[in-house]
Amino acid sequence: LPPRHMDSVVQIVEALESTARGFAGTVPELARALGGCSTPGCRAVLGEPPEVPPAPPALSDEQWLLFTQLLHHDNAAPEHGAVLAPDGSTVALGPLLAGIEVGLKRAAGWPAPTVEPPVDALYAVTITEALGTSFLLARDGDGNRAVLGPGGCWDDVDDPQNYTLLGPPSPVPDAIANGAMDGVLLGAHLAQAPVPLADLLRAYYGTANSTEKGRPPSSYRRRDFGVLTGPGKLEEEVAAMLMVLRALPPTRELLEDVGSEEVVAIARQAARDFTEVYVECPAIVPRCMWGARPYRGTPKPLTLPLGSVYIHHTHTPSAPCRTFTACARDMRAMQRFHQDTRGWDDIGYSFVVGSDGYLYQGRGWHWVGAHTKGYNNKGYGVGYVGDFSATLPDPDIIALVRDGLLPCAVRTGRLHRNYTLHGHRQMGQTDCPGNSLFHEIETWHGFK
């Protein structure tokens, strides 16, 4: 089959839109016919799905089979409906295309769906049903049921075919969260300014030739979703969706003993947790996505929470990496240097900061690194890719650590509230993290 990559999806959409007149704009309806939005809440909002049509002549057999597989929703394996985007994130097609369908319908003057209580259709078909259901199912559990996540890894980022989750699935794994946020953002955009769907996807994800030009809009999804939505809006829509599900035959039993106050409490928790994990905390690319070698030997565990953070720049590579491909290549090069030349067990940093808008997992949250000699077990080492002696990282890449990673680490119990922040040069004989970046971090919270 074609790779499970957003490029393949754009090619399929382009072929469908360019065939018979009048077909443009119904790609999301075709997706719904194939099962992309088949849940009780989605049916209540968008109606019963259309009949599955015969294979369109514009698509090859392999393209049709891939599209059919990606839209067949399986509750037990939601990751099967996901594709790899050029920015290195993984996106579920079901909620993405459902949000796009709502946007196209609104642009055409579609009346709001008649459900009680009223819901915002854009959120109902993308995130609020899955999110509300996830926290509803977990409320009577023993605390071990996952409500959000996990992420996962592809077998081959150049020819992605199989995506494997890194832990037990929840109803909202990372791919569903990404697809839902993208569905909200693109649906809202289309409602204001309808454009051909292939053009929209190509521009948003930076597919094909534009991949190397810098950051695509998809890498800003967390920021843009947070700006558009806000936790108050999300809480309100989750609560409304749960009330709708309470009246629908398939989900009525699930909610028959849940009072209105408990619905509000579930919605508040769901919105708060989703916002923390997917809006306020930055995305971290796992080791298996950038192609890490195994750790040599046995890693030593950290005792959390830690009290310090040490900021570095890599110096070599000296240029910031601005795409997933370039950052993953730099991570592999640094790991080779640290293991083969320095003789360390692994890449030294806890986390590495790309100028593509993503953090990359080095040793991670739980294992002692090799970043700041004499202090490796006392704090996290965070390295910016590039030489920042004379220049600074982009403002949003500075904010990725200062306003994203560090507050997130405090909220999740990995870093003390009164942590101290240092530049590498304060702890040893080095110019790291470069004069420009060092003067910048002197203004950050916790700098000592």
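Residues numbered from 1 in each chain as written. Predicted model: local features only at pLDDT ≥ 70, side-chain atom pairs only at ≥ 80, totals over all residues. Heavy atoms only, no water.

Going by what an unreviewed UniProt entry lists, the protein chain is known as PGRP2 amidase and is assigned to Steatornis caripensis. In its Sequence similarities (unreviewed entry) section, the UniProt record describing the protein chain reads: "Belongs to the N-acetylmuramoyl-L-alanine amidase 2 family." (UniProt positions renumbered as here; feature names shortened; annotations may be inferred.)

Asker: Got a minute to help me understand empty space enclosed by the protein in this structure?
Answerer: It is the rolling of a water-molecule-sized probe over the atoms that shows where space remains empty. Counted under the stated rule, the structure contains 3 cavities of 30 Å³ or more. Taken as a whole, the largest cavity spans an internal volume of roughly 80 Å³. The wall of the largest cavity is formed by 14 residues, among which Pro86, Asp87, Pro216, Thr323 and Phe324 lie closest to the centre. Tallied by class, residues from the lining of the largest cavity come to 4 nonpolar, 6 polar and 4 charged. Each of domain 1 (6-280) and domain 2 (288-442) accounts for three or more of the residues forming the lining of the largest cavity. (1 Å grid on protein atoms, 1.4 Å probe; cavity = no way out; pocket = protein on both sides within 12 Å on 5 of 7 lines; lining within 4 Å. Points joined across faces, edges and corners; volume = space filled by probe spheres on them. Nonpolar A, V, L, I, M, F, W, Y, C, P; charged D, E, K, R; others polar. Domains from an automatic or database assignment.)

Asker: Would you take a moment to explain the packing of helix 6 (residues 121-138) against helix 11 (residues 260-280) for this structure?
Answerer: The relative placement of two packed helices comes down to the angle between their axes together with the axis-to-axis distance. The geometry of helix 6 relative to helix 11 is characterised by a closest axis approach of 9 Å and an angle of 110° between their N-to-C directions. As summarised for this structure, helix 6 and helix 11 are arranged roughly perpendicular, according to the angle between their axes. Crossing of helix 6 over helix 11 shows right-handed handedness. Of the residues in helix 11, those touching helix 6 at Ile127, Leu131, Gly132, Phe135 and Leu136 are Ile266, Gln269, Ala270, Asp273 and Phe274. Of the residues assigned to the contact of helix 6 with helix 11, the class counts are 7 nonpolar, 2 polar and 1 charged. (Axes fitted to C-alpha atoms, helices over the stretch in contact; angles between N-to-C directions. Helix = DSSP H or I, 4+ residues; strand = E, 2+ residues; numbered from the N terminus. Parallel < 35°, antiparallel > 145°, perpendicular 65-115°, else oblique. Left-handed = near helix turned anticlockwise from the far one by under 90°. Contact = heavy atoms within 4.5 Å.)

Asker: Which parts of the structure should I look at to understand the state of the cysteines?
Answerer: Covalent bonding between the sulfur atoms of two cysteines defines a disulfide. In the structure shown here, the tally under the stated rule is 4 disulfides. Two residues share a disulfide in this structure: Cys153 and Cys288, whose sulfurs sit 1.6 Å from each other. Around the S-S axis, the bridge from Cys153 to Cys288 shows a dihedral of about 65° and counts as right-handed. Highlighted residues: Cys153 in strand 3 (residues 152-154) and Cys288 in helix 12 (residues 287-290), separated in sequence by 135 residues. Bridging Cys321 to Cys327, the disulfide has an S-S length of 2.1 Å. The disulfide joining Cys321 to Cys327 has a torsion of about 100° about its S-S bond and is therefore right-handed. Residue Cys321 is classed as buried on the basis of its relative accessible area, which comes to 3%. (Disulfide = S-S within 2.5 Å. Buried < 20%, exposed > 50% of the residue type's maximum accessible area, 1.4 Å probe, protein only.)

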